[in-house]
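# Tertiary structure, described
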Amino acid sequence: MNKEFLLNTLFLVVINLIIKPFYIFGIDRAVQNRVGEEHYGIYFALYSFTFLFQIVNDFGIQNFNSREISQHRQLLDKYFSGILSLKIVLGIVYLCVATIITAFIPSYWAVLPMILSLVMCHILASLRQYLASNVAALGMYRLNSVLSVLDRVLLIIMCAVLLWVSPFEEDFKIEWFIHAQNISLLITALVTFAIIFKQVKTFKISWHLPLFLLILRGAMPYALSIFLMTIYTRTDVVMLERMLTDGSQQAGIYASAYRLLDAVNVLGLLFAGLLMPMFAKQLKDKIDIDPLVRFSFQLIMVASIIIAATVWFYRTDIMQLLYKQATPFSGDVLGVLMGSFVAVSGTYIFSTLIGAAGHVAQMNKTFIAAFIINIGLNTALIPQYKALGAASSTLITQFFVMIVLIFLSKKLNILRGGVGWVLHIVVFVLAIVGLNIIIKTCQISEIWYIQMLIVVVLSGFLALGMGFLNYKKVAQLPRSP
């Protein structure tokens, strides 16, 4: 009986539940409350703006490397020096591209130093993710889980000093927050590099054009995937800030709600990072992938449905607890955005599966359609509904992507069994919604967060009763690499 997948997943979830929520609600939220919605909205819009060019910085190398090294671990010596050298070149090109594009937007000239700092933040984040992909591909999953929160631990320490220790607290600036991110990412990247360095026999930073071209050719489909996903997930806040007269304020409202989506999305992203080398290895070894796909999909969907439904019913209370300027409108934005978390969770599983199988080109057609749908919806909805319109566009787009990817997995014959078990999840959604309605109607407690806690606990028992968290299923999982 192989319990490795479940144990690694549980360790990943626990360690992130300890660190990430404290960072997001203790540090990131405190930064927004300290600098205000408008200033934070500008930061969030610029962060998304610079992220749009991430294709130049990453070029799909992380996913390409994770798949290749997990299937052929002997390639680490061949690829590590070359890819790291290539990452330096791509980082420089990314910096130049972002600077040139900014030059054509006069309203951004005044914030060019902030843009350059955010570009450096993306470069370091991409470098850290590439290095971490080697750790996961080599099968060091728990160490990779620890490294996934190291930058946040360092950031928490630095920002706690800047926010609450005199004399820094009296004149906190959003630029300090960006600089702290860069320092924490740099330290984490250096630590991860030291771990990988022990695993390679030779290392030398050099310009080797044939190897660069080989890597870029293999990574190109993944680069397009990243670019398309970035476009349809990050343009909403940029369009908000650009299209509306009160764009900065609306971007700030959207950012305050998106923060909670980011908090839970982190687990899905890390979950996908854990599954990529497992899927790739098992597909290479021709092991039946269906049990692992089904178990991982049900596991993440149960969690996302419980979270999304519960947040929807207590959306305004949550926002008013977290933010001084919260309104029912910002609560509605949160509720709609958290609905998209269900779809994003499913997308993490099936995009990882299709990518591990090497059918990235087919998947990219879905992302192109999602981009067109998202831009069209944002153009139609933002002028009238503002931040709520952007959230609604995200919800519709993400569910479109998840549904298409599920059917694509079947069409490509990656999944060989039936997908009738997906209907089981639909029944679970209805049951959770009904449970929330009953608990809220009965007013079991006058304190809303106690009611919410009761709903979460009962939802967990409901998931057990419906067989979603059946531990015996783990015994049937194929061996992980």
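Not measured: the values here are computed from a predicted model.

If you tally the helices and strands in the chain, you get 18 helices and zero strands. Expressed as a percentage of the 481 residues in the chain, the buried residues total 54%. Counted over contacts in the chain with a minimum sequence separation of 6, partners at least 24 positions apart contribute 84%.

Across all of its chains, the model carries nine aromatic pairs by this definition. Between Phe297 and Phe350, the ring centres sit 5.2 Å apart and the planes meet at 70 degrees, which makes this aromatic pair edge-to-face. Here Phe297 is found in helix H11 (residues 290-313), whereas its partner Phe350 is found in helix H13 (residues 328-356), with 53 residues between them in sequence. Of the two residues, Phe297 and Phe350, both sit in the buried class. Ring geometry for Trp448 and Tyr449: centres 5.6 Å apart, planes at 85 degrees, overall edge-to-face. We classify Tyr449 as partly exposed; its relative accessible area is 47%. Here the aromatic residues Tyr40, Tyr43, Tyr47 and Phe177 are joined through ring pairs into a cluster of three or more. Residue placement shows Arg152 over the ring face of Tyr23; its charged tip is 4.5 Å from the ring centre. Lying across the ring of Trp312, Arg315 places its NZ or CZ 3.9 Å from the centre.

Another aspect to go through is the environment of Val146. Note that Val146 resides in helix H7 (residues 141-164). It is 7.3 Å that separates the C-alpha atoms of Val146 and Ile15, two residues lying 131 residues apart in sequence. If sequence neighbours within four positions are ignored, Val146 has contacts with Phe11 and Ile15.

By the secondary structure assignment, Ser256 is in helix H10 (residues 247-284). A residue is classified by how much of its surface remains accessible, and Ser256, at 2% relative accessible area, is buried. Ignoring anything within four residues of it in the chain, the contact list for Ser256 reads Gln32, Met319 and Tyr323.

Our next topic: H13. An ideal rise of 1.5 Å per residue puts 42 Å on 29 residues; H13 measures up with 42 Å between its terminal C-alpha atoms. A bend of about 25 degrees at Val342 is the largest found in H13. Counting buried positions over the 29 residues of H13 gives 26, a clear majority of the element. Phi turns positive, to about 85 degrees, at Gly358, one or two residues after H13.

As a further point, take the nonpolar core. By size, the foremost hydrophobic cluster in this structure holds 73 residues, and its most contacted members are Phe177 and Tyr254. Considering every element that reaches this core, the biggest residue donor is H10, with 10 residues. Sequence-distant contacts of Tyr254, defined by excluding residues within four places in its chain, comprise Phe44, Asp236, Val237, Leu240, Val333, Leu337, Ala387, Ala390, Ala391 and Thr394. Judged by nonpolar contacts, the second largest core, of 72 residues, contains Leu84, Leu90, Ala189 and Ile289.

This next bit is on the layout of surface pockets. The space that makes up the second largest pocket amounts to roughly 310 Å³. For the second largest pocket, the lining is made up of 17 residues, of which Met301, Ile305, Val342, Phe399 and Val429 are closest to its centre. Elements with a minimum of two residues in the lining of the second largest pocket: H11, H13, helix H15 (387-411) and helix H16 (421-442). Counting residues per element, the lining of the second largest pocket draws most heavily on H11, which supplies seven residues. Of the residues assigned to the lining of the second largest pocket, the class counts are 16 nonpolar, one polar and no charged.

Together, Leu453, Val457, Leu458, Phe461 and Leu464 give the surface a local cluster of nonpolar side chains, amounting to about 480 Å² of exposed area. Relative to the helices and strands, Leu464 resides in helix H17 (residues 448-465). You can call Leu464 partly exposed: its relative accessible area is 48%.

On to the environment of Val429. Its place among the elements puts Val429 in helix H16. For the pair Val429 and Val302, spaced 127 residues apart in sequence, the C-alpha to C-alpha distance is 8.7 Å.

Here we come to unusual backbone geometry. Of note, Lys386 is a non-glycine position whose phi angle comes to about 55 degrees, a positive value. Position of Lys386 relative to the elements: it lies in the loop between helix H14 (360-385) and H15. Located in the positive-phi region is Asn413, a residue other than glycine, with phi close to 65 degrees.

Along the polypeptide, Val97 turns up in helix H5 (residues 76-103). On the basis of relative accessible area, Val97 is assigned to the partly exposed category, the value being 25%.

Bringing the confidence of the model for the chain into the picture now. Do not read the predicted coordinates in detail wherever pLDDT is low. When the pLDDT values of the chain are averaged, the result is 81; 89% of them are 70 or greater. Within the chain, the element-level pLDDT minimum falls on helix H18 (residues 472-475), averaging 48, and the maximum on H15, averaging 92. Note that pLDDT drops below 50 for residues 474-481; the model gives that stretch 29 contacts with residues more than four away or on any other chain.

It is at 8 Å that the axes of H11 and H13 come closest, and there the two elements cross at 175 degrees. The orientation of H11 relative to H13 falls into the category roughly antiparallel. Across the interface between the two elements, Val293, Ser296, Phe297, Ile300, Met301, Ser304, Ile305, Ile307, Ala308, Val311 and Trp312 from H11 touch Leu334, Gly335, Val336, Met338, Gly339, Phe341, Val342, Ser345, Gly346, Ile349, Phe350 and Leu353 from H13.

As a further point, take the pattern of salt bridges. Side-chain pairs of opposite charge can arise whenever the charged atoms involved come near each other. Counting across every chain of the model gives three salt bridges. Notably, a salt bridge pairs Asp151 with Arg152, separated by 3.2 Å at the nearest N-O pair. Classification of Asp151 by relative accessible area gives buried; the value is 3%. The salt bridge involving Arg315 is made with Asp332; its shortest N-O contact spans 2.9 Å. With Arg315 in helix H12 (residues 315-322) and Asp332 in helix H13, the pair connects residues that are 17 residues apart, well separated along the chain. Judged by its relative accessible area of 26%, Asp332 is partly exposed.

Criteria and thresholds
Residues numbered from 1 in each chain as written. Predicted model: local features only at pLDDT ≥ 70, side-chain atom pairs only at ≥ 80, totals over all residues. Heavy atoms only, no water. Helix = DSSP H or I, 4+ residues; strand = E, 2+ residues; numbered from the N terminus. Buried < 20%, exposed > 50% of the residue type's maximum accessible area, 1.4 Å probe, protein only. Contact = heavy atoms within 4.5 Å. Phe/Tyr/Trp six-rings, centres within 6.5 Å; stacked < 30°, edge-to-face > 60°. Lys NZ or Arg CZ within 6 Å of the ring centre and 35° of its normal. Expected span 1.5 Å × (residues − 1). Bend = angle between axes of the 7 residues up to and from the residue. Core = buried A, V, L, I, M, F, W, Y, C linked by side-chain atoms within 4.5 Å. 1 Å grid on protein atoms, 1.4 Å probe; cavity = no way out; pocket = protein on both sides within 12 Å on 5 of 7 lines; lining within 4 Å. Points joined across faces, edges and corners; volume = space filled by probe spheres on them. Nonpolar A, V, L, I, M, F, W, Y, C, P; charged D, E, K, R; others polar. Patch = residues over 30% accessible without salt bridge, like charges linked within 9 Å, V, L, I, M, F, W, Y side chains within 5 Å. Areas by Shrake-Rupley, 256 points an atom, 1.4 Å probe, with all protein chains shown as cover. Salt bridge = Lys/Arg side-chain N within 4 Å of Asp/Glu carboxyl O. pLDDT = per-residue confidence, 0-100. Axes fitted to C-alpha atoms, helices over the stretch in contact; angles between N-to-C directions. Parallel < 35°, antiparallel > 145°, perpendicular 65-115°, else oblique.

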